[in-house]
Amino acid sequence: MNVKKLIDILEKRGFFYQTAEIYGGISGFFDLGPLGVLLKNNIIKIFKEVFVDEFPYKIYEIEASLFAPSNVLKASGHLERFYDPIIECEKCKSIFRADHLIEEELNMNVEGISLEKMDEIIKKNNLKCKCGGNFSQTKEFKLLFKSFVGAKNDEIYLRPETAQHIFVNFLNVYNSMRAKLPFGILQIGKSFRNEISPRQFLIRLREFSQAEIEFFFNPNYEFSEIDFVLKEKIPIYKREEQRKNSNIVEKISIEELIEEKIIPNKLFGLFLLKEIEFYRIIGIEEDKIRFRHLLEEETPFYSKSNVDLEIKFDFGWKEVVGNAYRTDYDLKQHSKYSNKEIFVVENGKKFVPHVIEPSFGIERTIYAVLQNSFIENGRGWSYFLFKPKIAPIKVAIFPLVNKDGLAEIAEKIFKDLKKEFECIIEFKDSIGKRYARADEIGIPFCITCDYQTLEDSTVTIRDIATAKQKRLAINELKESLKKLI
Ligand code: GAP
């Protein structure tokens, strides 16, 4: 589906708005509308059910500052290495990401190659701007948003990921919570990157939300409690298939993934399985998911294993979750730069814990959900078919007519149900129009009070997925809806 059309629909129906739209908007920034907030909150609620409440190991949640002092980003490497390669057209002065240009023009993966090598490729293939101009040399463009703090204008940065504050707080959580390895720390919140070419709506933003878990463990720990993961299979897009440009995805077991050294241990496997579970619950089926083993050249030097969860969008496959085995790199870096010893003692042995990190992009997740739930009827009308659990509004209540006491009954039902579920009540227009409006924003259940309600205290309940109605007693509504949702 056309992205512009989708954005237009999402704006009209209250999901997303362009930031500062009345002033012409600003690229790479979006505001959530009321339905967008509800959808995001529901997705995060399920995320916490899967990764905190039902996770076999303890996960603590923190909420750190959006700002990071320069020392933190010096230690993490962001100050030095967090940039994109850019080139400028010498004639029209347009700026491009060199890697994207090469990828698009030559269908070549240039992840991880040097700026000089990119220049070579551009020259050798005689790549030129659309206006015919030659390109400048490839330069670094830093992605960090810099700001200043206090009367002395000290440098400070908007955090580019939520992860670093977790590492910086490792000892705080470990000591204050009397935590025991293995355990994880979760942070859900905003991250900021000054992307050169924000694009594809929610895919590449300058301000976006991440849900990141840094899971700390002793590298010798066996994880025998989760042996059950070993026989489970996941769809993996192996390096050799990527190099052949084939799209073959194999379903192989966690045990084999460990044997083939694609992932380091059972815990990594558990995260991959939980990710499939999470996306299934929010409406992305497994045939739209694959795990891509990153090529050697894409794998950060500090990581021993990187597997991205990719989702099939209308425009192709895209990373939505990055999984990395970051070893003890980050804790050691922060220890070095802060001059604070960071370690734990277990059975008299002192060591620095290792870390596995799943890092989720929330907006990309929302985009995947929206795209997967969006249905066009071919006659210019469209609606959303959300899983009831994540639908922003769960129930719409309509009196058939606004007389003979039906509106009063509907109001009473509304007041009662809204304590439990996100509900709306609507009196205006024909019942058909009200159903259509409810469908447009993906309300799974519509309740109508009609003349039979006056006789036997029952109402109709219509399910968006089947468009079928059945009758239910008013006093059974709440329990039935709870079950359905
Ligand atoms: N701590 C590791 C880390 O931040 P990443 O691959 O840079 O890894 C993780 O980001 C996830 O965050 C991505 O898989 C993606 O879903 C999301 N993400 C990254 N950059 C983004 C951007 N500019 N706009 C929207 N989402 C983004």
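Residues numbered from 1 in each chain as written. Predicted model: local features only at pLDDT ≥ 70, side-chain atom pairs only at ≥ 80, totals over all residues. Heavy atoms only, no water.

**Section: the overall build of the protein**
Point 1. Helix and strand content of the protein: 17 helices and 26 strands.
Point 2. Across its three principal directions, the C-alpha atoms of the protein cover 80 × 65 × 55 Å.
Point 3. Expressed as a percentage of the 485 residues in the protein, the buried residues total 53%.
Point 4. Residue pairs at least 24 apart in sequence account for 65% of intrachain contacts in the protein once pairs closer than 6 positions are excluded. (Helix = DSSP H or I, 4+ residues; strand = E, 2+ residues; numbered from the N terminus. Buried < 20%, exposed > 50% of the residue type's maximum accessible area, 1.4 Å probe, protein only. Contact = heavy atoms within 4.5 Å.)

**Some points on the pairing of strand E15 (residues 306-313)**
Point 1. Here E15 lies mainly inside the structure; 7 of its 8 residues are buried.
Point 2. When strand E14 (residues 289-293) meets E15, the two strands line up antiparallel, connected through 5 bridges. From the neighbouring strand, His293 faces E15, where its bridge partner is Val307.
Point 3. Pairing between E15 and strand E16 (residues 316-327): 8 bridges, direction antiparallel. The residue of E16 that forms the bridge with Glu310 is Glu319.
Point 4. The turn joining E15 and E16, which pair antiparallel and follow one another in sequence, is formed by 2 residues. (Pairing = 2+ DSSP bridges.)

**Describing the nonpolar core**
Point 1. Judged by nonpolar contacts, the single largest core of 80 residues is most densely connected at Phe15, Phe215, Phe278 and Tyr279.
Point 2. Top element by residues in this core is helix H11 (residues 266-281). It accounts for 9 residues.
Point 3. Looking at which domains feed residues into this core, each of domain 1 (3-67 + 161-374) and domain 3 (393-484) supplies at least three.
Point 4. Apart from residues no more than four positions distant in its own chain, Tyr279 is found in contact with Ile284, Ile289, Leu309, Ile311, Val320, Val321, Phe360 and Thr365.
Point 5. In this structure, Tyr60, Ile62, Ile166 and Phe167 belong to the second largest nonpolar core, which totals 19 residues. (Core = buried A, V, L, I, M, F, W, Y, C linked by side-chain atoms within 4.5 Å. Domains from an automatic or database assignment.)

**A closer look at the packing of aromatic side chains**
Aromatic rings considered in pairs are described by the distance between their centres and by the relative angle of their planes.
Point 1. With the rule as written, the count across this model stands at 44 aromatic pairs.
Point 2. Each ring, one from Tyr57 and one from Phe223, has its centre 5.6 Å from the other, and the planes form 85 degrees; the classification is edge-to-face. With Tyr57 in the loop between helix H2 (34-53) and strand E3 (59-62) and Phe223 in the loop between strand E11 (207-217) and strand E12 (233-237), this residue pair connects regions lying 166 residues apart in the sequence.
Point 3. Judged by relative accessible area, which is 9%, Tyr57 ranks as buried. (Phe/Tyr/Trp six-rings, centres within 6.5 Å; stacked < 30°, edge-to-face > 60°.)

**Description of the sheet that holds strand E7 (residues 139-142)**
Point 1. Within the open sheet, the 3 strands sit side by side as E6-E5-E7. Their pairing is antiparallel. In the strand order of this sheet, the two ends are held by strand E6 (95-97) and E7, each with one partner. Between one strand axis and the next, the sheet turns through 50 degrees on average, direction left out of account.
Point 2. Relative to E7, strand E5 (residues 83-88) runs antiparallel, the two sharing 4 bridges. If you follow Ile86 over to E7, its bridge partner there is Lys139.
Point 3. Here helix H5 (residues 98-106) sits on the sheet and contacts E5 and E6; the angle it forms with E6, its principal contact strand, is near 70 degrees. (Axes fitted to C-alpha atoms, helices over the stretch in contact; angles between N-to-C directions.)

**A word on the pattern of salt bridges**
Point 1. Tallying each qualifying case throughout the model produces 38 salt bridges.
Point 2. Put simply, Asp227 and Lys266 hold a salt bridge, and the shortest N to O gap is 2.6 Å. One end of the pair, Asp227, is in the loop between E11 and E12; the other, Lys266, is in helix H11, and 39 residues separate them in sequence.
Point 3. Take Lys266: its relative accessible area is 13%, and that puts it in the buried class.
Point 4. With a closest N to O distance of 2.5 Å, Lys231 and Glu255 form a salt bridge. One end of the pair, Lys231, is in the loop between E11 and E12; the other, Glu255, is in helix H10 (residues 254-259), with 24 residues separating them in the sequence.
Point 5. Using a relative accessible area of 61% as the deciding quantity, one classes Lys231 as exposed.
Point 6. Residue class for Glu255 comes out partly exposed when judged on its relative accessible area of 27%. (Salt bridge = Lys/Arg side-chain N within 4 Å of Asp/Glu carboxyl O.)

**A closer look at unusual backbone geometry**
Point 1. Note that the residue after Leu181, namely Pro182, is joined by a cis bond; omega there is -5 degrees.
Point 2. With respect to the helices and strands, the residue Pro182 is situated in the loop between helix H8 (170-176) and strand E10 (183-192).
Point 3. Within the chain, Phe201 stands out as a residue other than glycine whose phi angle is a positive 60 degrees.
Point 4. On the secondary structure map, Phe201 appears in the loop between E10 and E11.
Point 5. When its relative accessible area of 6% is taken as the criterion, Phe201 is described as buried.
Point 6. One non-glycine residue, Asn347, adopts positive backbone phi at about 50 degrees.

**What to know about H11**
Point 1. Between its terminal C-alpha atoms H11 stretches 22 Å, which fits the 22 Å expected from 16 residues at 1.5 Å a residue.
Point 2. Here H11 lies mainly inside the structure; 13 of its 16 residues are buried.
Point 3. Sitting at the amino-terminal end of H11 is Asn265, which places a side-chain oxygen 3.3 Å from the backbone nitrogen of Leu267. (Expected span 1.5 Å × (residues − 1). Polar contact = N/O pair within 3.5 Å; in protein donor to acceptor, adjacent residues only side chain to side chain.)

**Some words on the site of the ligand**
Point 1. As a matter of local geometry, the ligand sits amid 20 residues, with Glu161, Arg193, Leu205, Glu212 and Glu319 nearest to it.
Point 2. Here an oxygen atom of the ligand sits 3.0 Å away from a polar atom, N or O, in the side chain of Gln210.
Point 3. At 2.6 Å, a side-chain N or O of Glu319 approaches an oxygen atom of the ligand.
Point 4. Sorting the residues of the shell around the ligand by element identifies E11, E16 and strand E19 (354-361) as the ones contributing at least two each.
Point 5. Broken down by element, the shell around the ligand gets its largest block of residues, 5 residues, from E16.
Point 6. Partitioned by chemical class, the residues of the shell around the ligand number 7 nonpolar, 4 polar and 9 charged. (Near = heavy atom within 4 Å. Nonpolar A, V, L, I, M, F, W, Y, C, P; charged D, E, K, R; others polar.)

**Let's talk about the domain arrangement of the protein**
Point 1. Along its sequence, the protein is organised into domain 1 (3-67 + 161-374), domain 2 (83-142) and domain 3 (393-484).
Point 2. Placing the centre of domain 2 and that of domain 3 at their C-alpha centroids yields a distance of 57 Å.

**Some remarks on the packing of H2 against H11**
Point 1. Two elements in contact, H2 and H11, have axes separated by 10 Å at closest approach and are oriented at 145 degrees. Like other packed secondary-structure pairs, H2 and H11 cross with a definite hand, here right-handed. Packed against H2, whose contacting residues are Ile43, Ile46, Phe47, Val50 and Phe51, the element H11 presents Phe271, Lys274, Glu275, Glu277, Phe278 and Ile281 at the interface.
Point 2. Here the contact of H2 with H11 is built from residues that sort into 8 nonpolar, no polar and 3 charged. (Left-handed = near helix turned anticlockwise from the far one by under 90°.)

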